[in-house]
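Breakdown of the fold
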Amino acid sequence: MTNFDAKSLANVGVRNLSPYQAGKPIEELERELGLTDIVKLASNENPLGLSKQVTAALQDTLAGLARYPDANGFYLKSKLAEKLGVNINQITLGNGSNDVLELLARTFVNEHHEVLFSQHAFVVYPLVTQAIGAKGIAVPAKNYGHDLDAMAAAITDKTRMIFIANPNNPTGTFLTTAELESFLAKVPAQVLVVLDEAYYEYVPAAERAPSVEWVQRYPNLIVSRTFSKAYGLAGLRAGYAVTHADIADLMNRVRQPFNMNSLSLKAAEVVLDDADYLAQSIAVNQAGMAQLIEFCEQVNLAYIPSYGNFLTIEVGADAADIYQQLLHKGVIVRPVAGYELPNHLRVSIGLEHENQVFIDALKSMLL
Ligand SMILES: *Cc1c(COP(=O)(O)O)cnc(C)c1O
């Protein structure tokens, strides 16, 4: 088998794909540098850990794990539908919302289509686009955020899908209700708009767009949300989309039947009712955000104002080096050079003492 060339056999879009780069796992850094007491502020995870109610419910779920999960996620979807004021047939569950994003691309996009997203936007959008062999178009950002006028102007006859992250990761930038609404009004009905609201719960209530209500008026709008951030279930993989029922029906044909497992279904169902946990997540995030901002202002570091659970800080041309030095001090943050932000580092908001470990480590390098 001398002539075997797997790459030439792969789909064209896949050949030049770079794998998603996740935040460095704590165990990996422990292994590499023999460190303990590592602080990980690299993946926008919830620093509170699992909700106590979820932990208890998962214990009860263990006994049933020899059986397949509910392929239709009836209880979770019912709870979501009730909470969001939509019909159960408008909800599609995902193994994390990344699964939903990929499902959308696979259901609706082919190699003849164009897909729009913003410069500095979440990397999963170009990834799922390229994997299908469609043409991804990154529209230049404005003040690190989405330039919706430019995005509307970039729509062509070939445009099938537009991804918008609000708030965006890794910049934390935010689009107002008015900005989004005037954009939606401009988008032709045959172009699907995916509004990725992974950080929705962190947005102050008064500023949140009524995005789920808009789905009634704009059947081409898809709202995606996750349990990975404010709900603290990143390791379990749970996310969902709210859409027109016909879109959900099509996604359901492509979806893996058991894309959410029994534990994640149960955990998501239980955490939706844990209002105290959610409130605490938001409070810890606000306090930690204030702590990091105060530090940045004290030492004159520029940062991108953020509506998420992270802050992207401009540390300068040696960001890659600072990232490495932080690793050696047992602090994992996220380099964002791959997002065309080579001078920035993204820092997830942790507990107060975790933020302080990061602050002290960075301070010692700057002085
Ligand atoms: C974290 C994140 C997600 C959600 O990822 P999951 O697959 O649900 O864990 C989706 N979109 C953006 C912009 C994110 O930052």
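These figures come from a predicted structure and were not determined experimentally.

1. Considering the site of the ligand
- Taken together, the neighbourhood of the ligand is formed by 13 residues, with Asp196, Tyr199, Thr226, Ser228 and Lys229 sitting nearest.
- Within the contact set of the ligand, an oxygen atom lies 2.5 Å away from a side-chain nitrogen or oxygen of threonine 226.
- In this structure, an oxygen atom belonging to the ligand sits 2.6 Å away from a side-chain N or O atom of serine 228.
- Here the shell around the ligand is built from residues that sort into four nonpolar, six polar and three charged.

2. Regarding the sheet that holds strand β5 (residues 159-165)
- The seven strands lie next to each other as β2-β8-β7-β6-β5-β3-β4, forming an open sheet whose pairing is mixed. Taken across any chain shown, the strands that pair with only one partner, and hence form the sheet edges, are β2 (91-94) and β4 (135-139). Along the sheet, successive strands turn relative to each other by an average axial angle of 20 degrees, direction set aside.
- As judged from the three bridges shared by strand β3 (residues 114-118) and β5, these two strands associate in the parallel manner. The residue bridging valine 115 from the neighbouring strand is methionine 161, located in β5.
- Contacts from helix α7 (residues 124-132) reach β3, β4, β5 and β6 (192-196), with the element oriented near 160 degrees to β5.

3. Topic: the sheet that holds strand β12 (residues 334-335)
- Read across the sheet, four strands follow the order β9-β10-β13-β12 without closing on themselves; strand pairing throughout is antiparallel. Pairing within the sheet leaves two strands with one partner each, and these edge strands are β9 (302-304) and β12.
- As judged from the two bridges shared by β12 and strand β13 (residues 344-348), these two strands associate in the antiparallel manner. Looking at β13, one finds that proline 335 is bridged to leucine 345.
- Along the sheet face, helix α13 (residues 275-298) touches β9, β10 (310-314) and β13 and points at about 10 degrees away from the line of β10.

4. Here's the deal with the pairing of β5
- Among the seven residues of β5, six are classified as buried, and the element is accordingly described as predominantly covered.
- Two elements, β5 and β6, share five bridges in a ladder whose sense is parallel. Bridge pairing in β6 links methionine 161 to leucine 192.
- Following the chain from β5 across helix α9 (residues 177-186) to the adjacent parallel β6, one finds a crossover that is right-handed.

5. Things to note about the pattern of salt bridges
- Evaluated as defined, the whole model comprises nine salt bridges.
- Across the pair lysine 79 and aspartate 273 runs a salt bridge whose closest N-O atoms are separated by 2.5 Å. In this pair, lysine 79 sits in helix α5 (residues 74-84) while aspartate 273 sits in the loop between α12 (262-271) and α13, placing the two residues 194 residues apart along the sequence.
- Arginine 217 serves as the salt-bridge partner of glutamate 181, at 3.0 Å between the closest nitrogen and oxygen. Residue glutamate 181 is located in helix α9, and its partner arginine 217 is located in helix α10 (residues 211-217); the two are separated by 36 residues in the primary sequence.
- Salt bridges linked by common partners bring Lys24, Glu28 and Glu32 together as one network.

6. Considerations on the packing of aromatic side chains
- A full pass over the atoms with the stated rule returns nine aromatic pairs.
- With a centroid separation of 5.4 Å and 80 degrees between ring planes, the pair formed by phenylalanine 74 and tyrosine 75 is classed as edge-to-face.
- Taking relative accessible area as the criterion, phenylalanine 74 reaches 46% and is therefore assigned partly exposed.
- Among the residues examined, tyrosine 75 registers a relative accessible area of 58% and is labelled exposed.

7. Digging into the side chain of arginine 225
- Along the chain, arginine 225 falls in strand β7 (residues 221-226).
- For arginine 225, a relative accessible area of 5% corresponds to the buried category.
- Sequence-distant contacts of arginine 225, that is, excluding residues within four places in its chain, are made with Leu84, Ser97, Glu197, Tyr200, Ser211, Val212, Gly239 and Tyr240.

8. Focus: the domain arrangement of the protein chain
- The domain architecture assigned to the protein chain consists of domain 1 (8-49 + 276-366) and domain 2 (65-271).
- Just the C-alpha atoms count here: the centres of domain 1 and domain 2 sit 24 Å apart.
- Tallying the contact residues gives 30 residues for domain 1 and 32 residues for domain 2.
- Of the roughly 2,500 Å² buried at the junction of domain 1 and domain 2 (both faces included), carbon and sulfur atoms supply 64%.
- Contact with domain 2 buries area across many residues of domain 1, yet Tyr20, Tyr307 and Tyr339 alone supply 28% of it, more than any other trio.
- If you look at where domain 1 meets domain 2, you find 13 residue pairs in polar contact (both at pLDDT 80 or more).
- Secondary-structure elements contributing two or more residues to the side of domain 1 that touches domain 2 are α2 (12-15), α13, β10 and β13.
- Looking at the side of domain 1 that touches domain 2 element by element, the count peaks at five residues for α13.
- Here the side of domain 1 that touches domain 2 is built from residues that sort into 13 nonpolar, 13 polar and four charged.

9. Describing the pairing of β7
- When you tally the buried positions in β7, you get six out of six residues, the bulk of the element.
- Neither face of β7 is exposed, since Leu221, Val223 and Arg225 on one face and Ile222, Ser224 and Thr226 on the opposite face are all buried.
- Viewed along the sheet, the connection from β6 through α10 into β7 turns out right-handed.
- Of the strand pairs in this sheet, β7 and strand β8 (residues 239-242) are connected by four bridges, and their pairing is antiparallel. Following the sheet pairing, valine 223 is matched in β8 by valine 242.

Definitions and limits used
- Residues numbered from 1 in each chain as written.
- Predicted model: local features only at pLDDT ≥ 70, side-chain atom pairs only at ≥ 80, totals over all residues.
- Heavy atoms only, no water.
- Near = heavy atom within 4 Å.
- Polar contact = N/O pair within 3.5 Å; in protein donor to acceptor, adjacent residues only side chain to side chain.
- Nonpolar A, V, L, I, M, F, W, Y, C, P; charged D, E, K, R; others polar.
- Pairing = 2+ DSSP bridges.
- Helix = DSSP H or I, 4+ residues; strand = E, 2+ residues; numbered from the N terminus.
- Axes fitted to C-alpha atoms, helices over the stretch in contact; angles between N-to-C directions.
- Contact = heavy atoms within 4.5 Å.
- Buried < 20%, exposed > 50% of the residue type's maximum accessible area, 1.4 Å probe, protein only.
- Right-handed = clockwise from strand over helix to strand, strands pointing away.
- Salt bridge = Lys/Arg side-chain N within 4 Å of Asp/Glu carboxyl O.
- Phe/Tyr/Trp six-rings, centres within 6.5 Å; stacked < 30°, edge-to-face > 60°.
- Domains from an automatic or database assignment.
- Buried area = accessible area lost by both parts, 1.4 Å probe.

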